[in-house]
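Each chain, written out:
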Number of protein chains: 2
Amino acid sequence: MSRPKKIPGTTVSRLSIYVRALQKLRQDGVVTTSSEKLAEQIGLTAAQIRKDLAYFGQFGVPGRGYYVENLYTELAAILGIDRRWQVALGGVGHLGYALLAYNGFKKQGFDVVVAFDKDPAKVGQTWEGVKIYDIAQAPEVLPQTEAQLGIIAVPAENAQEVCDAFVAGGLKSILSFAPERLVTPDDVTVKRVDLAMELEWLSYYATNASSRG
Amino acid sequence: MSRPKKIPGTTVSRLSIYVRALQKLRQDGVVTTSSEKLAEQIGLTAAQIRKDLAYFGQFGVPGRGYYVENLYTELAAILGIDRRWQVALGGVGHLGYALLAYNGFKKQGFDVVVAFDKDPAKVGQTWEGVKIYDIAQAPEVLPQTEAQLGIIAVPAENAQEVCDAFVAGGLKSILSFAPERLVTPDDVTVKRVDLAMELEWLSYYATNASSRG
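Residues numbered from 1 in each chain as written. Chains lettered and ligands numbered in written order. Predicted model: local features only at pLDDT ≥ 70, side-chain atom pairs only at ≥ 80, totals over all residues. Heavy atoms only, no water.

Enquirer: Kindly report on the sheet that holds strand 5 (residues 126-127) of chain A, identifying the contributing residues and their values.
Expert: Residue and element names in this part refer to chain A. Taken together, seven strands build an open sheet; the order of strands is 5-6-4-3-7-8-9 and the sheet is mixed. The outermost strands of the open sheet, each flanked by one partner alone, are strand 5 and strand 9 (189-192). Of the strands in this sheet, strand 3 (85-90), strand 4 (110-117), strand 7 (149-152) and strand 8 (173-176) touch helix 8 (residues 156-168), which is tilted by about 165° from strand 7. (Pairing = 2+ DSSP bridges. Helix = DSSP H or I, 4+ residues; strand = E, 2+ residues; numbered from the N terminus. Contact = heavy atoms within 4.5 Å. Axes fitted to C-alpha atoms, helices over the stretch in contact; angles between N-to-C directions.)

Next up, the structure:
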C-alpha cells in the first residue's frame, strides 16, 4: 500500500463531502469540474480541496480540471465505498430502530445485517428483515456474519458493554452515538457522533443573524 | 457587529470541536494550552486552528498560548452556546422520539420545547414533557413559544411540508435529517445531517487497515 498512513481525520470527512458533490455533478451530467468550482459548490477553499486530494495522488488534468466520473470513482475507492459493507447494530431502542430503517445507509452501501439488544421482548424478533440477538451472543454471532462495522445506539451506561461485545466478536470499526469515550484495544477505531454539534452550527448562524438584524 | 460575515461553514463546525476539547481541558483542570497541543488533542494542524480562530480575533497570549477558560468562554459566546436555545421538533417517529430523549442536546444548552406530528394518535399527547401538536398548527403555535431552531425528523416525502410549516411559524434555523434539499426563503438557514458520512469515515479506516494487514 503506497498510501501514506497519517491522513487527518478531517480530510477523510471532507472526502465524503467531495464524493457527494461529485455524485450530484454526475446526476446533472457534468463532465469536468475544478477545485475552484467544487470549492464554490461546497463552501470550502480551492486550496483546501487541492491539499486534501494531494494526500492521495494527482487527480487533475492540466487545463481541464477534474473529470467528474474519474474523480468520483477514485475517491469512492479511497473511502472504501466502491463495495457494500455489512453493519451490526447494538441497541434497537428508538434511535436504533430509526437507524435500522434509515434509507441513507443503504443508498451509500451500508447494510445492517444483524442487531443486538438486551431486552428479552426484542431478542429473537426480526425487524426490517434484521434478526435481533441478545447482546451477550455477539461474540459468537458476529463471526458468523460478514459484518465489519458496528453501530452503538444504546444509552451511555450500556455503551461500553456493547462495545466490549462487538470487539469480542471481532469488529474493529465502531460508530457510537453514546457521548462517552469508549475503552478499546489500539487496533479498534471508534467514531463518536455528537448531534449537538449540528445544532451548535445553527446557533452560530442564528446568533450572527439576530445580532445583524 | 464587527464580526466578518463570511465565515466558512467548516470553520464553524470546527469551533464546536475546539469547544469540546476545551471543555475537556477545563474538566481536567488544565489552565493553558496552545494551538500545537490542541492540534494534537483533536487531530488537526496547529496552522488550521490558528487560521480558524483568526477569523474571530486575537486569543493567544505571547509565550503562554491560550488560557483555557478564556478561550472556552469566547468560543462559546461566538457559537451562541453561552445561552439556552429552545427547539421545535418536527416528527416524533422513532428518530424524533430518540432526539426528544437525547441528553446530549440538553447538556449543550438545547431544549426541545414543542413537537409536531401528523399522526392523530400522537397529536395532543405529551412525551418527555413536550406537547405534540398537529404540524398544520405550527404557524400559529410556534410564535407562542420561544423556539428559534427547528429539527426535521420525518421521512423524505414529508420533509418539505414540515419545513414550510416551520418557516410559516417564523423559524429561520432548521436542522434536517431528511436527505432531500429543502426549498426555503434566503434568510432561512438549513443544515442537513447525513449519518452515512459517519459510516464512510469508518469504511475508509477499515479499508486502509485491511489492506495493510
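Enquirer: So what's going on with the pattern of salt bridges? Residues and values would help.
Expert: Residue and element names in this part refer to chain A. For the coordinates displayed, the defined rule picks out 20 salt bridges over all chains. Residue Asp-52 is joined to Arg-14 by a salt bridge in which the shortest nitrogen-to-oxygen separation is 2.5 Å. Here the residue Asp-52 occupies a position in helix 3 (residues 46-54), and Arg-14 occupies one in helix 1 (residues 9-27), the gap between them amounting to 38 residues. Arg-14 shares its class with Asp-52; the two are buried. (Salt bridge = Lys/Arg side-chain N within 4 Å of Asp/Glu carboxyl O. Buried < 20%, exposed > 50% of the residue type's maximum accessible area, 1.4 Å probe, protein only.)

Enquirer: An account of the domain arrangement of chain A is requested, with residue identities and associated values reported.
Expert: The assigned domain composition of chain A is domain 1 (9-78) and domain 2 (85-196). Taken over C-alpha atoms, the centre of domain 1 of chain A sits 31 Å from the centre of domain 2 of chain A. (Domains from an automatic or database assignment.)

Enquirer: Help me get a handle on helix 4 (residues 68-79) of chain A, residues and values and all.
Expert: All names here are of chain A. Between its first and last C-alpha atoms helix 4 spans 16 Å; for 12 residues at 1.5 Å apiece the expected length is 16 Å, and the two agree. The set of residues buried in helix 4 consists of Val-68, Leu-71, Tyr-72, Leu-75, Ala-76, Ile-78 and Leu-79. Mapping the buried residues of helix 4 onto a view down its axis gives an arc of 160°, with all of them on the same face. The first or second residue beyond helix 4 is Gly-80, which carries a positive phi of 80°. (Expected span 1.5 Å × (residues − 1). Arc of directions from axis to C-beta.)

Enquirer: An account of the side chain of Thr-207 of chain A is requested, with residue identities and associated values reported.
Expert: Tracing the backbone shows Thr-207 of chain A in helix 9 (residues 196-212). Judged by its relative accessible area of 19%, Thr-207 of chain A is buried. When sequence neighbours within four positions are dropped, the list of residues in contact with Thr-207 of chain A reads Leu-79, Gly-80 and Trp-85 of chain B.

Enquirer: Give a detailed account of the pairing of strand 6 (residues 130-134) of chain A, specifying residues and quantitative values.
Expert: Residue and element names in this part refer to chain A. Here three bridges tie strand 4 to strand 6, and the two strands are oriented parallel to one another. Residue Asp-117 lies in a different strand from strand 6, and its bridge partner there is Asp-134. Note: strand 5 against strand 6, two bridges, orientation antiparallel. Bridge pairing in strand 6 places Thr-126 opposite Lys-131. Here strand 5 hands over to strand 6 after two residues, with Glu-128 in that stretch at a positive phi of 55°.

Enquirer: Which residues make up the pairing of strand 4 of chain A, and what values go with them?
Expert: Residues and elements named next belong to chain A. Most of strand 4 is tucked away, with seven of its eight residues classed as buried. The pairing of strand 3 with strand 4 spans six bridges and is classified as parallel. In the strand pairing of strand 4, Gly-90 is matched with Phe-116.

Enquirer: Describe the side chain of Lys-191 of chain A, and please don't skip the residues or the numbers.
Expert: In this fold, Lys-191 of chain A is placed in strand 9. A distance of 3.3 Å separates a polar atom in the side chain of Lys-191 of chain A from a polar atom in the side chain of Glu-198 of chain B. Beyond its immediate chain neighbours, meaning those up to four positions away, Lys-191 of chain A contacts Ile-174, Leu-175 and Ser-176 of chain A together with Glu-198, Trp-201 and Leu-202 of chain B. (Polar contact = N/O pair within 3.5 Å; in protein donor to acceptor, adjacent residues only side chain to side chain.)

Enquirer: Describe the interface of chain B and chain A, with residues and values.
Expert: Facing the 59 residues of chain B at the interface are 59 residues of chain A. Between chain B and chain A, the buried area comes to about 5900 Å², and carbon and sulfur atoms account for 67% of it. Where chain B packs against chain A, one counts six salt bridges. For the salt bridge of Lys-191 of chain B with Glu-198 of chain A, the shortest nitrogen-to-oxygen distance reads 3.3 Å. Going through the elements one at a time, helix 1 (9-27), helix 4 (68-79), helix 5 (94-100), helix 6 (103-107), strand 7 (149-152), strand 8 (173-176), strand 9 (189-192) and helix 9 (196-212) of chain B are the ones with two or more residues in the side of chain B that touches chain A. Considering each element in turn, the side of chain B that touches chain A owes the most residues, 15 residues, to helix 9 of chain B. Among the residues forming the side of chain B that touches chain A, the class breakdown is 33 nonpolar, 16 polar and 10 charged. (Buried area = accessible area lost by both parts, 1.4 Å probe. Nonpolar A, V, L, I, M, F, W, Y, C, P; charged D, E, K, R; others polar.)

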